[in-house]
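# Inside the fold
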Amino acid sequence: MSADVVIHERRGGYAVITLNRPDRLNSFNVDQHLALRAALEDCAADEACGAIILTGAGRGFCAGQDLSDRRAMSGERPDLGQTLETHYNPLVRLLRGLPKPVICAVNGVAAGAGANIALSCDIVIAARSARFIQAFSKIALIPDAGGTYWLTRHLGEARAKALALTAEPLSADDAAAWGLIWKAVDDERLMEEAERLAAGFAQGPTNAYALTKEAIHAASVNSLDEQLDLERRLQREAGMSDNYKEGVAAFLEKRPANYRRKAG
Ligand code: T3D
């Protein structure tokens, strides 16, 4: 496996992970899947890492599955369910379950599973020139990597269906205006903005971020009663932490809080 299909850098308290197959618009082959998952697992286990930025090298973020891998299978009818089971689904679950904030800095076109991997991150910031394309129907597939879930939940059925059936590009500005992503920024400000956020998270209460993610993820399936019960349980846990003590003390003493990455 060539190591540099994904570049993994630590910058202070956060990590920057860059998909690095720019001549193929960072589309996924098996090596890139394995390297990305290894980098994410490394960050998850690294207590000194408080946030992750995921981005792409070159002019694209990610064009989904590397379709030239599929050419080798022409004549066969490949079991794409197997690729999802082995690679895409574990990646979406890993991103979703990471106990620290994951920021996706979408530097250019995000197509097919590439768009939906971006949407699996906690905060999506896109360069104004970036486009989101549910390219699947062009090759007679359905949106995967969580696409049907993210589009329907964030946008509702009307926009989800239109994006998926037409495969028309959605601009970064429209994606932000529609509530699909957090914000669009001028291209040259993308990494500055992503790093500003990551540096803030790296100084913040990682335990509270993890609990917040858990609560918000559960909200899409819970009833109000279930969600209130969950908030009670998670807030109890947050309130028992040293970080909460420190946060309140810092507020009262009018000084910046000094949070611990691993909260007691
Ligand atoms: O296991 C399974 O297969 C199931 C899982 C499926 C998940 C999926 O993601 S299916 C959807 C796969 N993705 C696509 O269908 C998108 C294909 N790409 C495009 O439609 C276009 O490239 C874009 C709209 C993304 C960008 O267009 P443009 O004009 O800016 O760039 P380009 O010229 O098309 O691409 C630049 C190069 O990247 C080009 O190579 P070349 O001609 O310079 O040698 C192109 O072939 C290559 N490239 C782009 N996307 C892919 C790709 N090569 C392989 N696979 C790609 N997905």
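Everything below is about the structure shown above.
Residues numbered from 1 in each chain as written. Predicted model: local features only at pLDDT ≥ 70, side-chain atom pairs only at ≥ 80, totals over all residues. Heavy atoms only, no water.

## A short note on the site of the ligand
In the vicinity of the ligand lie 24 residues, with Gln 65, Leu 67, Arg 70, Thr 83 and Ala 113 positioned nearest. Take Ala 63: an N or O atom from its main chain is 2.9 Å from a nitrogen atom of the ligand. A distance of 2.8 Å is found between a nitrogen atom of the ligand and a backbone nitrogen or oxygen belonging to Leu 67. In the complex, 68% of the free accessible area of the ligand, which totals 1100 Å², lies under the protein chains. For the shell around the ligand, the secondary-structure elements that each account for two or more residues are α2 (67–71), α3 (80–97), β6 (109–111) and β8 (131–133). (Near = heavy atom within 4 Å. Polar contact = N/O pair within 3.5 Å; in protein donor to acceptor, adjacent residues only side chain to side chain. Areas by Shrake-Rupley, 256 points an atom, 1.4 Å probe, with all protein chains shown as cover. Helix = DSSP H or I, 4+ residues; strand = E, 2+ residues; numbered from the N terminus.)

## Section: the sheet that holds strand β3 (residues 51–56)
As summarised here, the arrangement of the six strands in space is β1-β2-β3-β5-β7-β10, forming an open sheet in which the pairing is mixed. With partners counted over all chains shown, the strands left at the sheet margins are β1 (6–11) and β10 (183–185), one partner each. Direction aside, neighbouring strands of the sheet carry axes that sit 20° apart on average. (Pairing = 2+ DSSP bridges. Axes fitted to C-alpha atoms, helices over the stretch in contact; angles between N-to-C directions.)

## Things to note about the environment of Glu 214
Within the secondary structure, Glu 214 is located in helix α9 (residues 206–219). Not counting residues up to four positions away in its chain, the partners in contact with Glu 214 are Leu 230, Arg 233 and Leu 234. (Contact = heavy atoms within 4.5 Å.)

## Some thoughts on the environment of Ala 202
Mapped onto the elements, Ala 202 comes out in helix α8 (residues 190–202). C-alpha separation for the pair Ala 202 and Arg 77, spaced 125 residues apart in sequence, amounts to 46 Å. Excluding residues within four positions of it along the chain, Ala 202 makes contact with Gly 13, Tyr 14, Gly 50 and Arg 261.

## Here we look at the pairing of strand β5 (residues 102–106)
Along β5, five of the five residues are buried, which leaves the element largely enclosed by surrounding structure. Of the two faces of β5, the one carrying Val 102, Cys 104 and Val 106 and the one carrying Ile 103 and Ala 105 are both buried. Two elements, β3 and β5, share three bridges in a ladder whose sense is parallel. Opposite Ile 53, over in β5, you have Ile 103 as the bridge partner. For β5 and strand β7 (residues 123–127), the ladder comprises four bridges, and the chain directions are parallel. (Buried < 20%, exposed > 50% of the residue type's maximum accessible area, 1.4 Å probe, protein only.)

## Here's the deal with the pattern of salt bridges
Under the counting rule described, the total for this entry stands at 17 salt bridges. One salt bridge connects Arg 233 with Glu 214, and the closest N-O pair in it is separated by 3.5 Å. Of this pair, Arg 233 sits in helix α10 (residues 224–239) while Glu 214 is found in helix α9, placing the two residues 19 residues apart along the sequence. The partly exposed category is assigned to Glu 214, whose relative accessible area is 36%. Of the charged contacts in the structure, one is a salt bridge between Glu 246 and Arg 255, with a shortest N-O distance of 2.7 Å. Judged by relative accessible area, which is 17%, Glu 246 ranks as buried. (Salt bridge = Lys/Arg side-chain N within 4 Å of Asp/Glu carboxyl O.)

## Comments concerning the nonpolar core
Soluble globular proteins tend to bury their nonpolar side chains together. Counting 48 residues, the largest nonpolar core has Ile 17, Leu 36, Leu 40, Phe 61, Val 106, Ile 117 and Phe 132 as the members making the most contacts within it. Residue contacts for Ile 17: discarding those within four places in its chain leaves Val 6, Ile 7, His 8, Leu 36, Ala 39, Leu 40, Cys 43, Ile 52, Ile 53, Leu 54 and Thr 55. Listed in part, the 15 residues of the second largest apolar core include Ile 103, Ala 105, Ala 194 and Leu 197. (Core = buried A, V, L, I, M, F, W, Y, C linked by side-chain atoms within 4.5 Å.)

## Quick look at α8
Given a rise of 1.5 Å per residue, 13 residues ought to cover 18 Å, and the 18 Å separating the end C-alpha atoms of α8 matches this to within 8%. Where α8 is concerned, the buried positions are Leu 190, Glu 193, Ala 194, Glu 195, Leu 197, Ala 198, Phe 201 and Ala 202. (Expected span 1.5 Å × (residues − 1).)

## Some thoughts on the packing of aromatic side chains
All chains considered together, the criterion is met by three aromatic pairs. Between Phe 28 and Tyr 88 the ring centres are 5.7 Å apart and the planes differ by 80°, which places this aromatic pair in the edge-to-face class. Here the residue Phe 28 occupies a position in the loop between β2 (14–19) and α1 (30–45), and Tyr 88 occupies one in helix α3, the gap between them amounting to 60 residues. Assessed through its relative accessible area of 0%, Phe 28 is described here as buried. Seen in terms of ring centroids, Phe 201 and Tyr 209 are 5.1 Å apart; in terms of plane orientation they differ by 80°. Their pairing is edge-to-face. With relative accessibility at 21%, the residue Tyr 209 sits in the partly exposed group. Just above the ring of Tyr 149 sits the side chain of Arg 153; from NZ or CZ to the centre is 3.9 Å. The ring of Trp 178 carries Arg 159 above its face, with NZ or CZ at 4.0 Å from the centroid. (Phe/Tyr/Trp six-rings, centres within 6.5 Å; stacked < 30°, edge-to-face > 60°. Lys NZ or Arg CZ within 6 Å of the ring centre and 35° of its normal.)

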